[in-house]
Amino acid sequence: MGDFSRSGALAAIPLCFAGATLFAALGLLVAAKSRTIEEISYPQYLLVFPMFLFCGVFFPLSLLPRYLQWVAWGLPPHPSFP
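Note that the structure is predicted; figures quoted are calculated from it, not measured.

> For this particular structure, what's the right way to read the overall build of the chain?
Summing up its helical and strand segments, the chain has three helices and zero strands in all. When the helices and strands of the chain are read in sequence order from the N terminus, they spell out α-α-α. For a compact globule of 82 residues, the expected C-alpha radius of gyration is about 12 Å, and the chain comes in at 17 Å, more than 25% above that figure. Summed over its atoms, the accessible surface of the chain is roughly 7,000 Å², and 74% of this surface lies on carbon and sulfur atoms.

Listed below in structure tokens is the structure:
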């Protein structure tokens, strides 16, 4: 299609594998250390809720202070995340 080079696509495979391994290890760590379901939900809300709050879905990012705009632009749910 011409959207990306083959070498770039092949170079992304180890990066994707490393990211998947990191998130799997984090999930296993949380599952191993928590005794109840409530203990699992605290880290989830601590990480996931701010990402959805600052991703620009609920209100425009232009209303945020400049330093929070920079944080929001780096979050994965942001529409312009590369």
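Structure's up, so let's keep going.
> Looking at this structure, I do not really get the layout of surface pockets. What am I missing?
Over the atoms a probe the size of a water molecule is rolled, and this reveals where empty space is left. In this structure, the largest pocket encloses a volume near 250 Å³. If you go around the largest pocket, the residues you meet are Phe23, Leu26, Gly27, Val30, Ala31, Ile40, Pro43, Gln44, Leu47 and Val48. Mapped onto the lining of the largest pocket, the elements with two or more residues apiece are helix 1 (6–33) and helix 2 (37–53). When grouped by side-chain class, the residues that make up the lining of the largest pocket number eight nonpolar, two polar and no charged.

> Can you walk me through helix 2 in this structure?
Residues separated by three or four positions in an α-helix point in the same direction, a consequence of the helix having 3.6 residues per turn. Under the 1.5 Å per step criterion, the end-to-end length of helix 2 is 23 Å for 17 residues, consistent within 8% with the ideal 24 Å. Tyr45 marks where helix 2 bends most, by close to 35°.

> When you look at helix 3 (residues 66–73) in this model, what are you seeing that I'm missing?
Among the residues of helix 3, those classed as buried are Leu68, Gln69 and Ala72. Buried positions in helix 3, seen along its axis, are confined to an arc of 105° and lie on one side of it. Among the exposed residues of helix 3, those pointing more than 90 degrees away from its buried face are Arg66, Tyr67 and Trp70.

> So what exactly am I meant to see when it comes to the side chain of Gln69 here?
Considering the arrangement of structural elements, one finds Gln69 in helix 3. In this structure the side chain of Gln69 is engaged in a polar contact, spanning 2.9 Å, whose partner is the backbone oxygen of Leu61. In contact with Gln69, not counting residues within four places along its chain, are Leu61, Ser62 and Leu64.

Rules behind the numbers
- Residues numbered from 1 in each chain as written.
- Predicted model: local features only at pLDDT ≥ 70, side-chain atom pairs only at ≥ 80, totals over all residues.
- Heavy atoms only, no water.
- Helix = DSSP H or I, 4+ residues; strand = E, 2+ residues; numbered from the N terminus.
- Rg over C-alpha atoms; globule rule 2.2 N^0.38 Å.
- Areas by Shrake-Rupley, 256 points an atom, 1.4 Å probe, with all protein chains shown as cover.
- 1 Å grid on protein atoms, 1.4 Å probe; cavity = no way out; pocket = protein on both sides within 12 Å on 5 of 7 lines; lining within 4 Å.
- Points joined across faces, edges and corners; volume = space filled by probe spheres on them.
- Nonpolar A, V, L, I, M, F, W, Y, C, P; charged D, E, K, R; others polar.
- Expected span 1.5 Å × (residues − 1).
- Bend = angle between axes of the 7 residues up to and from the residue.
- Buried < 20%, exposed > 50% of the residue type's maximum accessible area, 1.4 Å probe, protein only.
- Arc of directions from axis to C-beta.
- Polar contact = N/O pair within 3.5 Å; in protein donor to acceptor, adjacent residues only side chain to side chain.
- Contact = heavy atoms within 4.5 Å.

Keep in mind that these numbers describe shape and distance, not what the molecule does.
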